[in-house]
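Each chain is listed here by its residues.
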Amino acid sequence: MSGRFVRSSKYRHVFGQPTRREQCYDNLRVSRNAWDTNLLKVNPKYLAVNWEAGGGGAFAVIPLEERGKLPEKIPLFRGHTAAVLDTDWNPFNDSLIASGSDDGKVFLWRVPDNFTIRPDVESDDVQDVSPVGKLSGHPRKVGQVLFNPAAENVLATASGDFTIKIWDIEAGASKFTLKLGDVVQSQSWSANGSLLVTTSRDKKFRIWDVRQERPAIETAGHSGAKNSRAVWMGEHDRIATTGFSKMSDRQLALWDVRAAREPTSGFKTLDSISGVCVPFWDDGTQCLYLAGKGDGNIRYFEYENDKFEFLSEYKSGDPQRGLAFMPKRGVNMHQNEVVRIYKSVSDTYIEPISFIVPRRSETFQDDIYPPTVGLKPAMSASEWLDGKEAIPPKISLESIYEGSGLQEVTPSQAKPTSTISAPALEPAQPAKAAEPVRSEPTPVVRPAPSMKDQGASMAAMVDKFADDDEEKEEVDDASSFEEVPKPVERASSPVKSTPPKEIPVIKETPASAISKPSPINEPVAKSSSISSDSVKDDIAEIKALIAQQTKTIASQAEQVQNLTAEIESLKSKLDG
């Protein structure tokens, strides 16, 4: 060991593993439309691909198990009269998908039972799939479609008419309209489905109180002319954005929803590559993945201590243009895969990239696979429209690992993921102010201690455990204060003869204090002052001792963790 401190993380050695060409999805015709979307969307059953098709727009749906080279003619999902720009799978129904198109229409589709891209018929007899529903209301192209992650059958669609419409797809009607005034570049829901973050061509960063049809926060975003992206970080009250500076450098920013006037640590420069950086948030590992369009690299960061810690970078010579992120319930836990990203290569084939934690995989790894959202929504569309907020119930990934199906482990949580309060922004609407659940200031999950401990006595430590150590020290200090009364029991008998309960302890009373014995009924103010000074001195000594011991323990713990990580790395190499 060189003496250089290394941050401990179970994901420090995560690596990206490509897939052999014969196990990819080949012979595709990925759409070459210039509109900036991800082109691909995936769930544990199907992969949707925006298709380069003549005679109107179309997209393809590929069952994940049907790998290899696709036939020259496959069944497509046709119905749009112009190019399909974006698709999104329903989070609570793996067979339902929505699409937005250049024709201004939003279509709803259902994947037929036993659907295959290799039907046992002649190529001229291949039947395309038709939509099961249509949502009309945008006069111009629909560039993004995104289902609500908590409420069933609620869909957000962003259009070239500079608006976002919120639909109840079961009723087939638009319920709310958000007016941005410029082209929407990205949108992302909060975990409880109450707020929506957007970035747009006017370089504004907005957090929308959707059911009041107005932004709760509007501030300057990335200053560059190229597109920016935003992703809500799961159940945190944090948002990550990527974009460009005025000098066209790619940037990353972290926003606190409670004080989103500017990023928590400013705009961090990544590099000078020209392609848009697409962010994906993995709630299970608390990691952020940044995949660059036009290059083959995927960076990943761990969110800890209210900042992003760089982990590593997957590098590839094959540039990517389309990208899709597999929901957690679809990863291969038997291979310790924590994330799977699908990327298009040369617009002709799609390659899955598996990100794996290097461990022995004979048993379920519960520390890297916490419970995740399943197929049950937290509320219906009507409940959401009435103002309800909740986090969907979680399922155990161990039940999937063991093949016993989806088992619910936590019920729906009626907690918001942000602290934005609508009444504070528009007090003239008391009806909106009566949403008690929105006033909760506590985020649902906090994997790391707050940065409020910066500048404390442990700030001189250079290792990344500073915040954790300070938090432990504060806990220890509190417990030591409770233990201070114990030495009093060993004090001299004259001191014990003073019975008032409001004087809890006097340790080693000075001689001046006992040279003039006082009657029992003497006022206790003087003794209380002596007692307080003595206790404070004792507490200071105990704090200093605990601080020294905490530093020693932290240093030893870090050395053990580093050695353990090196041993695991060597084991994985030997096993490989």
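Residues numbered from 1 in each chain as written. Predicted model: local features only at pLDDT ≥ 70, side-chain atom pairs only at ≥ 80, totals over all residues. Heavy atoms only, no water.

As annotated in an unreviewed UniProt entry, the chain carries the name Coronin and comes from Talaromyces islandicus. According to the UniProt record, the Sequence similarities (unreviewed entry) comment for the chain reads "Belongs to the WD repeat coronin family." The Subunit (unreviewed entry) comment attached to the chain in UniProt states, word for word, "Binds to F-actin." (UniProt positions renumbered as here; feature names shortened; annotations may be inferred.)

(A) Broad picture of the overall build of the chain. When you go through the chain residue by residue, the secondary structure sums to eight helices and 33 strands. Once local pairs closer than 6 in sequence are excluded, the contacts in the chain between residues at least 24 apart make up 55%. Counting only carbon and sulfur atoms, one obtains 50% of the accessible surface of the chain, whose full area is about 26600 Å². (Helix = DSSP H or I, 4+ residues; strand = E, 2+ residues; numbered from the N terminus. Contact = heavy atoms within 4.5 Å. Areas by Shrake-Rupley, 256 points an atom, 1.4 Å probe, with all protein chains shown as cover.)

(B) Representation of the confidence of the model for the chain within the structure. Summing up the model confidence of the chain, the mean pLDDT is 82 and the portion of residues at 70 or higher is 78%. Across residues 423-530, where pLDDT falls below 50, the model places 122 contacts with residues more than four positions away in sequence or in other chains. (pLDDT = per-residue confidence, 0-100.)

(C) Fine view of the sheet that holds strand β7 (residues 77-78). Here we have four strands laid out as an open sheet, ordered β3-β4-β5-β7, and antiparallel in their pairing. The open sheet terminates on both sides in strands that have one partner only, identified here as β3 (40-42) and β7. (Pairing = 2+ DSSP bridges.)

(D) The pairing of strand β8 (residues 84-89), seen in detail. Counting buried positions along β8 yields six of six residues, so the element is predominantly enclosed. By the bridge criterion, five bridges tie β8 to strand β9 (residues 96-101) in an arrangement that is antiparallel. Paired with Val 84 across the strands is Ser 101, a residue of β9. From the end of β8 to the start of β9, which pair antiparallel, there are six residues. (Buried < 20%, exposed > 50% of the residue type's maximum accessible area, 1.4 Å probe, protein only.)

(E) Representation of the pattern of salt bridges within the structure. According to the stated counting rule, one finds 30 salt bridges in the structure shown. Across the pair Arg 229 and Asp 36 runs a salt bridge whose closest N-O atoms are separated by 3.2 Å. Of this pair, Arg 229 sits in strand β20 (residues 229-232) while Asp 36 is found in the loop between β2 (25-26) and β3, placing the two residues 193 residues apart along the sequence. In this structure, Arg 229 and Asp 36 share a single accessibility class: buried. (Salt bridge = Lys/Arg side-chain N within 4 Å of Asp/Glu carboxyl O.)

(F) Quick peek at the pairing of strand β25 (residues 287-292). Counting buried residues along β25, six of its six residues qualify, which places the element largely inside the surrounding structure. Side chains of β25 alternate between two faces, with Cys 287, Tyr 289 and Ala 291 and Leu 288, Leu 290 and Gly 292 buried alike. As judged from the six bridges shared by strand β24 (residues 277-282) and β25, these two strands associate in the antiparallel manner. Looking across to β25, one finds that Asp 282 is bridged to Cys 287. Here β24 folds back onto β25, and the loop between the two strands holds four residues, one of which, Gln 286, carries a positive phi near 60°. Sheet topology places β25 next to strand β26 (residues 298-304); five bridges connect them, and they run antiparallel.

(G) Local environment of the side chain of Ser 200. When you line up the elements, Ser 200 lands in strand β17 (residues 195-200). For Ser 200, a relative accessible area of 2% gives the class buried. There is a polar contact of 2.5 Å between the side chain of Ser 200 and the side chain of Asp 202. Excluding residues within four positions of it along the chain, Ser 200 makes contact with Leu 180, Val 183, Val 184, Gln 185 and Arg 206. (Polar contact = N/O pair within 3.5 Å; in protein donor to acceptor, adjacent residues only side chain to side chain.)

(H) Quick look at the sheet that holds β24. Here four strands make up an open sheet; going across it, the order is β24-β25-β26-β27 and the pairing antiparallel. Of all the strands in the sheet, just β24 and β27 (307-314) have a single pairing partner and so form its edges. Sheet twist, expressed as the mean angle between neighbouring strand axes with direction ignored, is 25°. (Axes fitted to C-alpha atoms, helices over the stretch in contact; angles between N-to-C directions.)

(I) View of the packing of aromatic side chains. Evaluated as defined, the whole model comprises 23 aromatic pairs. On the basis of an interplanar angle of 90° and a centroid distance of 5.3 Å, the ring pair of Phe 59 and Trp 109 is categorised as edge-to-face. Residue Phe 59 is found in strand β5 (residues 58-63), and its partner Trp 109 is found in strand β10 (residues 106-110); the two are separated by 50 residues along the sequence. With a centroid separation of 4.1 Å and 10° between ring planes, the pair formed by Phe 205 and Trp 255 is classed as stacked. Residue Phe 205 is located in strand β18 (residues 204-209), and its partner Trp 255 is located in strand β22 (residues 250-256); the two are separated by 50 residues in the primary sequence. Residue Phe 205 is classed as buried on the basis of its relative accessible area, which comes to 1%. Among the aromatic residues, ring-to-ring pairing joins Phe 280, Tyr 289, Tyr 300, Tyr 314, Phe 325 and Phe 355 into one connected group. A cation sits over an aromatic face here: Lys 226 above Phe 244, 5.2 Å from the ring centre. (Phe/Tyr/Trp six-rings, centres within 6.5 Å; stacked < 30°, edge-to-face > 60°. Lys NZ or Arg CZ within 6 Å of the ring centre and 35° of its normal.)

(J) The arrangement of the UniProt feature "repeat: WD" (unreviewed entry) in the chain in detail. Within this numbering scheme, the UniProt entry marks residues 77-119, 135-177 and 184-218 as carrying the feature "repeat: WD" (unreviewed entry). Between the C-alpha atoms that bound residues 184-218 there is a distance of 14 Å. The span itself is 0% helix and 66% strand.

(K) Layout of the nonpolar core. In this structure, Tyr 25, Leu 47, Tyr 289, Ile 341, Tyr 342 and Phe 355 are the most contacted members of the largest nonpolar core, which totals 60 residues. Core analysis: the second largest hydrophobic core is formed by 21 residues, Ala 150, Ala 151, Ile 164 and Val 184 among them. (Core = buried A, V, L, I, M, F, W, Y, C linked by side-chain atoms within 4.5 Å.)

(L) Geometry of the environment of Leu 180. As for its position among the elements, Leu 180 is in the loop between β15 (173-179) and β16 (184-189). Considering only alpha carbons, one finds Leu 180 and Ser 200, 20 residues apart in sequence, at a separation of 8.0 Å. Residues within four places of Leu 180 in sequence aside, it is in contact with Phe 162, Thr 163, Ile 164, Thr 198, Ser 200, Asp 202, Arg 206 and Trp 208.

(M) Here's a closer look at the side chain of Asp 282. Here Asp 282 is to be found in strand β24. Excluding its chain neighbours within four sequence positions, the residues that come into contact with Asp 282 are Cys 287, Tyr 289, Phe 325, Lys 328, Val 338 and Val 339.

(N) Examining unusual backbone geometry more closely. Positive phi is not limited to glycine here, since Asn 27 has a value of about 65°. Mapping Asn 27 onto the fold places it in the loop between β2 and β3. Not every positive phi belongs to a glycine, and Asp 347 is a case in point at roughly 60°. Topologically, Asp 347 is positioned in the loop between β29 (337-345) and β30 (349-356).

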